[in-house]
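# Summary of structural features
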Amino acid sequence: MSSGFPVHSYFKREVGQLARAQLRLDLTSQLPRPTSQAALNGVRYEKKVLSLLSKTYPNRILPGPVLHFEDHGHRSRALPDALLFSPDFRACCVVEVKLRHTGDAWHQLNKFYFPIVRSALPWARVCGLEITSQYDPYQILPQQVSFVESAAQAFETREAF
């Protein structure tokens, strides 16, 4: 393992044993209203990335999907930034857009979104993709990192973030 800082996440939601999960195609989430300049910059970047993904993969991307789930008897929802499907729709890539690379994206994808998406779409292989403007190589994540040149290449990665 290389030297650097261990992963830290401000995102603390995790799911346990899911009773059910459902992708709601009739709903979409909205980007949050920014409360600071940093948040405004992040929302602008996310809008730009989601717009480009929608133009590049118009029939395979769901920006702002809503997933309802039940965990330990509590109903809740998950709002990933986007779901990108493979050309044959047998795989689903959960996309998380961050202005700056932190441990949050890894934690959100692996501990929260992946179990929910796997439960909602049991027929799909689920992978993840962090799209970031500023990557920090000194952030040590719990698994190997793979760099891709296009979002579609995320489907080719195995056991990497």
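These notes cover the structure that comes with them.

Scoring rules and cut-offs
Residues numbered from 1 in each chain as written. Predicted model: local features only at pLDDT ≥ 70, side-chain atom pairs only at ≥ 80, totals over all residues. Heavy atoms only, no water. Pairing = 2+ DSSP bridges. Helix = DSSP H or I, 4+ residues; strand = E, 2+ residues; numbered from the N terminus. Axes fitted to C-alpha atoms, helices over the stretch in contact; angles between N-to-C directions. Phe/Tyr/Trp six-rings, centres within 6.5 Å; stacked < 30°, edge-to-face > 60°. Buried < 20%, exposed > 50% of the residue type's maximum accessible area, 1.4 Å probe, protein only. Contact = heavy atoms within 4.5 Å.

Hydrogen bonds between backbone groups are what pair the strands of a sheet, and the pairing can be parallel or antiparallel. The sheet built from four strands is open, its strands ordered β3-β6-β7-β8 with mixed pairing. Only two strands of the sheet have a single neighbouring strand rather than two, namely β3 (61-63) and β8 (125-134). Each strand axis lies, on average, 20 degrees off the axis of its neighbour in the sheet, ignoring direction. With nine bridges connecting them, strand β7 (residues 91-100) and β8 associate as parallel partners.

According to the stated counting rule, one finds four aromatic pairs in the structure shown. The interplanar angle of 25 degrees and the centroid separation of 5.5 Å between the aromatic rings of F85 and F89 together place this pair among those described as stacked. Ring centres of F112 and Y113 lie 5.3 Å apart, and the angle between their planes is 55 degrees; on these two criteria the pair is classed as tilted. Residue Y113 is classed as buried on the basis of its relative accessible area of 5%.

On to the sheet that holds strand β5 (residues 74-78). Reading across from one edge, β2-β4-β5 is the order of the three strands in this open sheet, with antiparallel pairing throughout. Strands with a single pairing partner mark the edges of an open sheet, and in this sheet they are β2 (18-28) and β5. Between one strand axis and the next, the sheet turns through 25 degrees on average, direction left out of account. For β2 and strand β4 (residues 65-71), the ladder comprises seven bridges, and the chain directions are antiparallel. Bridged to T28 within β4 is P65. Against the sheet, helix α2 (residues 103-120) engages β2, β4 and β5, with an angle of about 85 degrees to β2.

What is shown is where atoms sit, not what they do.
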